[in-house]
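# Descriptive structure summary
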Amino acid sequence: MSHISGDIFTIHPAEMSLADLREIYQTPHQIKLSESAYPGIEQARKTVENIIADGRTVYGINTGFGLLANTSIPDDQLEQLQTNLVLSHSTGVGKDITDDVVRLIYALKISSLSQGHSGIRPATLKAFLDFINAGLVVCIPEKGSVGASGDLAPLAHMTAALMGEGYVKYKGKKIPAKQALKKADLTPITLGAKEGLAFLNGTQVSTALALAGLFQTEDIFAAAVVAGAMSIDALMGSVAPFDARIHAARRQPGQMAVAPKYLELLAGSEIMSAHTDCAKVQDPYSLRCQPQVMGACLDIINNAARTLHIEANAVTDNPLIFENGDVISGGNFHAEPVAFAADTLALAICEIAALSERRLATLTDPHMSGLPAFLVKDSGVNSGFMIAQVTAAALVSENKSLAHPTSVDSIPTSANQEDHVSMATFGARRLGDMAENSANTVAIELLAAAQGLDLRAPKKTSKTLEKIHKKIRSKVPYYDQDRYFSPDIEAITTLVRAGAFSSHVMDILPSGTSS
């Protein structure tokens, strides 16, 4: 199993857990490859060298690529072939992929190349590890991959930096790769036969982006469960809909897993006990149906996590080398599984925020909440949470458009040789924008629910929610009159992004249950 010892993260190929991957995403580490991986790497490389020595023609080793796959390349041009491949494929545009995602790309590519199917030289892999451990973060443009034949353009930018081409961040500053290598006392690598293709083929960029989306979704999910429990108390809602018998009767696993979390968060609330005999019969769906909606979201998150965990440990370049010397060309580089996982995560991200915004709207409506209009005293003079709810509505509506599935789109490339593509890279990348929208929406609900609990004083909520309320109030004071509101939202969104509420439900989330 991959593990951390001090500041060193040791990769055991094909054995990285979701918890491992989350750790790499969140925290920079020195990367080491398990020594047990090297015999397989050496054997695969020997197969490549034997093919060249025997004068056999094999795709990816001594041929052109794509439509040019039938073109044989002389032995004395094989290094130039790999160099040309990397440089010509470095066509990405747009903003640079964030450092945390680049760290994931590195780890996924190391794991894939180290499983004895890629034919890379051990020395080349060690040079890649030295590059990573020197703190060099490649500036990879985020746009330019269709998620089939691998994430060609972004992985070409990553590989080009090893060769001294393009740009990297060194000690936080963006500088030419050749200059950064010199500062780090490293030498640009020259790729051997098949190595450029092994680096460029693969779903590592799509998968890393989707994993980032998964981890962000987990934190938003957790914050939304907490916010939902706070809103129940602030709105003097009922806990009857969270009775385990209801959820056992339906048998949906996510629903059965999440319903008890609300009861745990609300246990011992004075507010709850004060209205047990009230005349209200039913709460709005955004309160009452939280286990059903959030449970369905949890099921989607778990399903996507399963796919992404498998893909993170997979070998997805082409062609693949096997122990008996066979070199087989297939299509593991096609990122359709990642595209589907990203599309379903988009649904969860969208619905988590949609439900949150509806609870927020209920909190701000005096006819529904029994609280002052827009959660502020002297409403009229003060607008309170009026426009904060409008912001949430705008964000939720934007997510509806972003949630459109990308996997149903395809456009032929490479002169129709690559005639169906996954669009996984964009599908995964847009999860970041959606997650940011949802994090802000849930943050606004947390602020509103905290305000609602303040307005229920002197009755108190549960001890657990009191602690969460204090955490919110340590960042944002009670809203007694109108003030510049945006910093309040950003302060709590920062908590959501940081997973400050995740401990309350992490045991039912994929990266909290994996080992």
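Higher on the page you've got the structure.
These numbers were taken from a predicted model, which means no experiment stands behind them.

Attention now moves to the environment of A500. Relative to the elements of secondary structure, A500 occurs in the loop between α20 (486–497) and α21 (510–513). Separated by 281 residues in the primary sequence, A500 and D219 have C-alpha atoms spaced 8.0 Å apart. Apart from the residues lying within four places of it in its own chain, the contact partners of A500 are K471 and L495.

Read across the open sheet, the three strands follow the order β5-β7-β8; overall the sheet is antiparallel. Of all the strands in the sheet, the pair left with one neighbour each is β5 (136–138) and β8 (173–176). Ignoring strand direction, the axes of neighbouring strands in this sheet form an average angle of 40°. In this sheet, strand β7 (residues 167–170) lies alongside β5 in antiparallel orientation, the contact comprising three bridges. Considered in β7, the bridge of V137 is made with K169.

Once their charged atoms are close, side chains differing in charge can pair, the charge on each being opposite to the other. Under the counting rule described, the total for this entry stands at 19 salt bridges. A salt bridge links D317 to K194; the nearest nitrogen and oxygen atoms lie 3.5 Å apart. You can see D317 sitting in the loop between α14 (290–312) and β9 (320–321) and its partner K194 sitting in the loop between α7 (177–183) and α8 (195–200), a full 123 residues away along the chain. For D317, a relative accessible area of 0% corresponds to the buried category. One salt bridge in this structure joins D243 and R245, with 2.7 Å as the shortest N-O distance. Accessibility expressed as a relative area gives 66% for R245, which makes it exposed.

Along the chain, the position of S231 falls in helix α9 (residues 204–234). Residue classification places S231 among the buried positions, given a relative accessible area of 0%. Separated by 2.6 Å, the side chains of S231 and E445 make a polar contact. Contacts of S231, omitting those with residues within four sequence positions, involve L287, R359, L363, E445 and A449.

A word on a nonpolar patch on the surface. Residues M386, I387 and V390 make up a contiguous nonpolar surface patch of roughly 240 Å² in combined accessible area. For M386, the position within the fold is in helix α17 (residues 386–402).

Among the residues making up helix α19 (residues 463–473), those that are buried are L465, I468, H469, I472 and R473. Down the axis of α19, the buried side of the element spans an arc of 140°, and every buried residue falls inside it. Exposed and oriented more than 90 degrees from the buried face of α19 are K463, K467 and K470. Residues of α19 that are buried make contact with α9, α11 (253–266), α18 (424–455) and α20.

What follows covers the sheet that holds strand β3 (residues 30–33). Within a sheet, neighbouring strands are paired by backbone hydrogen bonds and run either parallel or antiparallel to one another. Ordered in space as β1-β2-β3, the three strands form an open sheet in which the pairing is mixed. Bordering the open sheet on either side are β1 (3–5) and β3, each of which pairs with just one other strand. On average, adjacent strands in this sheet sit at an angle of 30° to one another, irrespective of strand direction. Pairing of strand β2 (residues 8–11) with β3, which is carried by four bridges, proceeds in the parallel orientation. Each bridged residue has a counterpart across the sheet, and for T10 the counterpart in β3 is K32.

Moving on to a positive patch on the surface. The grouping of K460, K463, K467 and K470 at the surface amounts to a positive patch. Relative to the helices and strands, K460 resides in the loop between α18 and α19.

Okay, unusual backbone geometry next. The omega torsion of the bond from N318 to P319 falls at -5°, within 30 degrees of zero and hence cis. Here P319 is to be found in the loop between α14 and β9. The omega torsion of the bond from A457 to P458 falls at 15°, within 30 degrees of zero and hence cis. Considering the arrangement of structural elements, one finds P458 in the loop between α18 and α19. You will see that S149, though not glycine, has its phi angle at about 60°, which is positive. Mapping S149 onto the fold places it in the loop between β6 (141–143) and α6 (152–162).

In total, this model carries seven aromatic pairs according to the counting rule given. Ring centres of F385 and F485 lie 5.1 Å apart, and the angle between their planes is 90°; this geometry places the pair in the edge-to-face category. Of the two residues, F385 is situated in the loop between α16 (366–369) and α17 and F485 in the loop between α19 and α20; the sequence distance between them amounts to 100 residues. A residue is classified by how much of its surface remains accessible, and F385, at 2% relative accessible area, is buried. A relative accessible area of 14% means that F485 is categorised as buried. One aromatic cluster in this structure is built from Y106, F128 and F199. Its end group placed over the ring of Y167, K174 keeps NZ or CZ at 5.7 Å from the ring centre. Lying across the ring of F501, K471 places its NZ or CZ 5.6 Å from the centre.

Moving on: the packing of helix α1 (residues 18–26) against α9. One way to put it is that α1 packs onto α9 with a least axis distance of 10 Å and a crossing angle of 95°. Judged by the angle between their axes, α1 and α9 are roughly perpendicular. Contacts between α1 and α9 involve L18, L21, R22 and Y25 from the former and L211, A212, L214, F215, Q216, E218 and D219 from the latter. When the residues that make up the contact of α1 with α9 are grouped by side-chain class, the tally is seven nonpolar, one polar and three charged.

Cut-offs and rules
- Residues numbered from 1 in each chain as written.
- Predicted model: local features only at pLDDT ≥ 70, side-chain atom pairs only at ≥ 80, totals over all residues.
- Heavy atoms only, no water.
- Helix = DSSP H or I, 4+ residues; strand = E, 2+ residues; numbered from the N terminus.
- Contact = heavy atoms within 4.5 Å.
- Pairing = 2+ DSSP bridges.
- Axes fitted to C-alpha atoms, helices over the stretch in contact; angles between N-to-C directions.
- Salt bridge = Lys/Arg side-chain N within 4 Å of Asp/Glu carboxyl O.
- Buried < 20%, exposed > 50% of the residue type's maximum accessible area, 1.4 Å probe, protein only.
- Polar contact = N/O pair within 3.5 Å; in protein donor to acceptor, adjacent residues only side chain to side chain.
- Patch = residues over 30% accessible without salt bridge, like charges linked within 9 Å, V, L, I, M, F, W, Y side chains within 5 Å.
- Areas by Shrake-Rupley, 256 points an atom, 1.4 Å probe, with all protein chains shown as cover.
- Arc of directions from axis to C-beta.
- Lys, Arg positive; Asp, Glu negative; His and termini not counted.
- Charge placed at Lys NZ, Arg CZ, Asp CG, Glu CD.
- Phe/Tyr/Trp six-rings, centres within 6.5 Å; stacked < 30°, edge-to-face > 60°.
- Lys NZ or Arg CZ within 6 Å of the ring centre and 35° of its normal.
- Parallel < 35°, antiparallel > 145°, perpendicular 65-115°, else oblique.
- Nonpolar A, V, L, I, M, F, W, Y, C, P; charged D, E, K, R; others polar.

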